[in-house]
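Structure assessment
Here is what each chain is made of, one letter per residue.
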Amino acid sequence: MVAISIEVMKPEPNIHYELVNEAGNERVYRVSLYNEDESSIENIRDLLINFLTLKNEFPTYIYFEAFDDFDEDLKFHGVDFQILKLGQIENKKKNFSPIFKVKAQNIEELRTVVDQTYNFAIATLPYYITFTSNLNFDLRKWTFPEQVAIPKFDFTSPTSYIWIGYDGLFFELITNEARYLDSSGFIKELPRYVEVVEVIESYS
């Protein structure tokens, strides 16, 4: 068994993503291990993959920031991908590192892509998973002197988004799907080997 903690939160403005066309019923489920150890990253990665396997919603789109020549790795694995160029940093000639958009058509492709790219999340680079083909980014200033790229999670229709958190040690499911609007509905869709030790309800 893998013991986990779940925090249920109301979405708040942050540097990692922005909600648009929201109705106010959206929830954030932050999933982390109850006790961290040397296998924490591997356990969270595997939990994420197994959750997505049970969700079984394809195609699934994985967005992540990586070095310029990572396209060679994706070509080697034969997956469908695009490279998004987000423009130049204000008052500088240096471009943002590219954002890769990978389309996983089935669970085999999804496992391959996440296995090969999760290190970017561990390095605290932007890493997102969506179930719709169009994810837009805004360039804006936050508390840093340079601009940052912030994805816009559009909730015009029922859907979910996933952000992989710092060091790859947790992930957040941001959702307005009816089946997830109660924490018990989310917990039912987790793999059976998971033990939910605590649920922290921060939603208000």
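My aim in this report is to walk through the structure given alongside it, one point at a time. Quick caveat, the model's predicted, so the values are computed rather than measured.

A word on the overall build of the protein. Of regular secondary structure, the protein possesses four helices and twelve strands. The C-alpha atoms of the protein give 17 Å as radius of gyration, which agrees with the globular expectation for 204 residues (17 Å, within 12%). Taken over the C-alpha atoms alone, the protein extends approximately 50 × 40 × 35 Å along its principal axes. Counting all 204 residues of the protein, 45% fall into the buried class. Taking all contacts inside the protein whose residues are at least 6 apart in sequence as the whole, residues at least 24 apart take part in 70%. When the accessible surface of the protein is summed, it comes to about 10400 Å², and 46% of that surface belongs to carbon and sulfur atoms.

Our next topic: the sheet that holds strand β9 (residues 147–154). Sheet architecture is open: three strands sit in the order β2-β9-β8, paired in mixed fashion. Of all the strands in the sheet, the pair left with one neighbour each is β2 (18–20) and β8 (136–141). Neighbouring strand axes in the sheet, compared pairwise and without regard to direction, differ in orientation by 40° on average. Across three bridges, the pairing between β2 and β9 is parallel. Across the sheet, the residue bridging to Val20 is Asp154, located in β9.

Conventions adopted
- Residues numbered from 1 in each chain as written.
- Predicted model: local features only at pLDDT ≥ 70, side-chain atom pairs only at ≥ 80, totals over all residues.
- Heavy atoms only, no water.
- Helix = DSSP H or I, 4+ residues; strand = E, 2+ residues; numbered from the N terminus.
- Rg over C-alpha atoms; globule rule 2.2 N^0.38 Å.
- Buried < 20%, exposed > 50% of the residue type's maximum accessible area, 1.4 Å probe, protein only.
- Contact = heavy atoms within 4.5 Å.
- Areas by Shrake-Rupley, 256 points an atom, 1.4 Å probe, with all protein chains shown as cover.
- Pairing = 2+ DSSP bridges.
- Axes fitted to C-alpha atoms, helices over the stretch in contact; angles between N-to-C directions.

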